[in-house]
Amino acid sequence: MDFGQLLTAMVTPFNEKDEIDLESTTRLVHFLIENGTDGLVVSGTTGESPTLTTEEKLALIEHVVKEAKGKATVIAGTGSNNTASSIELTKEAEQLGVDGIMLVAPYYNRPDQQGLYEHFKKIAQATSLPVMIYNIPSRSSVNIQAETMIKLSHIDNIVSAKEASGDLDQMSSIIENTSDDFKLYSGDDSLTLPILSIGGCGVVSVASHIIGNEMQEMINAFNKGEMRKAASIHRSILPVIKALFGHPSPTPVKAALALQGIETGPVRLPLVSLTDEQKASLNEVIQNFKQRMIR
């Protein structure tokens, strides 16, 4: 399954009543597709999945599948720290027509490597969908080691990894010791180009909400061998990426979208919205970036 090279970990729009706003979701889906996104990851970390009920997740997934059909791939975040619940949600997402699922490393439980392997294997065996494994030790408190990821890649429908460990040595080992069909995506916007340089295939991005076209251009330049151009774009987008992660995500990216006229509403508690001062600082970074691009 080719999910694409620039996947956006999509925010979940809420209205003033703190309910999922499907009208705003429609606008966001089409905005992202028109601005560089190849695929959408729904109900992931950036989508505030810990605060969504199962019913909300399914309604959101169903709506995005309908809106993105034929225009972008849709990957549903169905992983959790409960294997049985993850299997149930995965089966329901499959019925809604998603192109794949993303399974985050179980958080809080802190399983060992064998537990991680059995968890992912059990879920993968319960679906015919292609599976992306999401390694993010900073949130899950457990690292999926290279040896475990390589072992998981031998399961037929585990086809890719989203790597947010920041460990390029670990990622190099995974790429070197898995088949060419197994794809490794950067889970860190700022490491997209370095990960491409060691054999990664793209990024699951948050910053693509704001700089999707620029990130797509950078990846395309790299793939064409235009290294100086790719490096120049990489350097130019770093301040925006840093600003979008200056506060708990996805708070800054929702604020940045609003500043550009794309309303996705507030974040849900325990996250809180940016202050006016923080919004002004974020806007300054984005406006400075736009001015540099014009020149």
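Residues numbered from 1 in each chain as written. Predicted model: local features only at pLDDT ≥ 70, side-chain atom pairs only at ≥ 80, totals over all residues. Heavy atoms only, no water.

### Comments concerning the overall build of the chain
Piece 1. In terms of helices and strands, the chain carries 12 helices and eight strands.
Piece 2. A compact globule built from 295 residues should have a C-alpha radius of gyration of about 19 Å, and the chain, at 18 Å, falls within 12% of that.
Piece 3. Considering only C-alpha atoms, the chain reaches an extent of 50 × 45 × 35 Å along its principal axes.
Piece 4. Classification of the 295 residues of the chain by burial places 55% in the buried group. (Helix = DSSP H or I, 4+ residues; strand = E, 2+ residues; numbered from the N terminus. Rg over C-alpha atoms; globule rule 2.2 N^0.38 Å. Buried < 20%, exposed > 50% of the residue type's maximum accessible area, 1.4 Å probe, protein only.)

### Focus on helix α4 (residues 113-125)
Piece 1. Between its first and last C-alpha atoms α4 spans 18 Å; for 13 residues at 1.5 Å apiece the expected length is 18 Å, and the two agree.
Piece 2. Burial in α4 covers these residues: Q113, L116, Y117, H119, F120, I123 and A124. Each buried residue of α4 lies within a common arc of 165° when the element is viewed along its axis, so the set occupies one face. In α4, the exposed residues that point more than 90 degrees away from the buried face are K122 and Q125.
Piece 3. Buried residues along α4 sit against α3 (83-95), β4 (100-104), β5 (131-135), α6 (146-152) and β6 (158-163). (Expected span 1.5 Å × (residues − 1). Arc of directions from axis to C-beta. Contact = heavy atoms within 4.5 Å.)

### So, the sheet that holds β4
Two orientations exist for strands paired in a sheet by backbone hydrogen bonds: parallel and antiparallel.
Piece 1. Ordered by their spatial adjacency, eight strands build a closed barrel running β1-β2-β3-β4-β5-β6-β7-β8, and the pairing between neighbours is parallel. Strand-to-strand twist across the sheet, computed as the mean angle between neighbouring axes with direction ignored, equals 25°.
Piece 2. By the bridge criterion, three bridges tie strand β1 (residues 6-9) to strand β8 (residues 202-205) in an arrangement that is parallel. The partner of L7 across the bridge, within β8, is V204.
Piece 3. In the packing of helix α9 (residues 208-223) onto the sheet, the strands contacted are β1 and β8, and the crossing angle to β1 comes to about 165°. (Pairing = 2+ DSSP bridges. Axes fitted to C-alpha atoms, helices over the stretch in contact; angles between N-to-C directions.)

### A look at the side chain of S236
Piece 1. Looking at the element boundaries, S236 is found in helix α10 (residues 227-244).
Piece 2. Not counting residues within four places of it along the chain, the set of residues in contact with S236 comprises F289, R292 and M293.

### Comments concerning the UniProt feature "binding site: pyruvate" (unreviewed entry) in the chain
Piece 1. Mapped onto the present numbering, the UniProt feature "binding site: pyruvate" (unreviewed entry) falls at T46 and V204. Despite a sequence span of 159 residues, these residues sit close together in the fold, their greatest C-alpha distance being 10.6 Å. Lining the second largest pocket, from the residues just named, are T46 and V204.
Piece 2. Residue position: T46 is located in the loop between β2 (39-42) and α2 (54-68).
Piece 3. Not counting chain neighbours up to four residues away, the residues in contact with T46 comprise A9, M10, V11, T12, V206, H209 and P250.
Piece 4. The residue V204 is located in strand β8 in this model.
Piece 5. For V204, a relative accessible area of 2% translates into the label buried. (UniProt positions renumbered as here; feature names shortened; annotations may be inferred. 1 Å grid on protein atoms, 1.4 Å probe; cavity = no way out; pocket = protein on both sides within 12 Å on 5 of 7 lines; lining within 4 Å.)

### Description of the pairing of β2
Piece 1. By the alternation rule, side chains of β2 split into G39 and V41 and L40 and V42, which are all buried.
Piece 2. Sheet topology places β1 next to β2; three bridges connect them, and they run parallel. Residue pairing in the sheet places T8 in a bridge with L40 of β2.
Piece 3. Once the chain exits β1 it traverses helix α1 (residues 22-34) before rejoining the sheet at β2, and the crossover so formed is right-handed. (Right-handed = clockwise from strand over helix to strand, strands pointing away.)

### Here we look at α2
Piece 1. A rise of 1.5 Å per residue sets the reference length of α2, with its 15 residues, at 21 Å; its end C-alpha atoms lie 21 Å apart and thus fit the reference within 8%.
Piece 2. Considered for burial, the residues of α2 that qualify are E56, K57, L58, L60, I61, H63, V64, V65, E67 and A68.
Piece 3. On its buried face, α2 is in contact with α1, β2, β3 (73-77) and α3.
Piece 4. Downstream of α2 by one or two residues, G70 has phi in the positive range, about 80°.

### Overview of unusual backbone geometry
Backbone phi values are negative for most residues with the exception of glycine, while trans is the configuration of most peptide bonds.
Piece 1. That bond from S249 to P250 is cis: its omega, 10°, falls within 30 degrees of zero.
Piece 2. In this structure, P250 sits in the loop between α10 and α11 (251-259).
Piece 3. Between L269 and P270 the backbone carries a cis peptide bond, its omega angle lying at 15°.
Piece 4. Along the chain, P270 falls in the loop between α11 and α12 (276-294).
Piece 5. With phi around 75°, Y108 is a residue other than glycine that occupies positive phi space.
Piece 6. Relative to the elements of secondary structure, Y108 occurs in the loop between β4 and α4.

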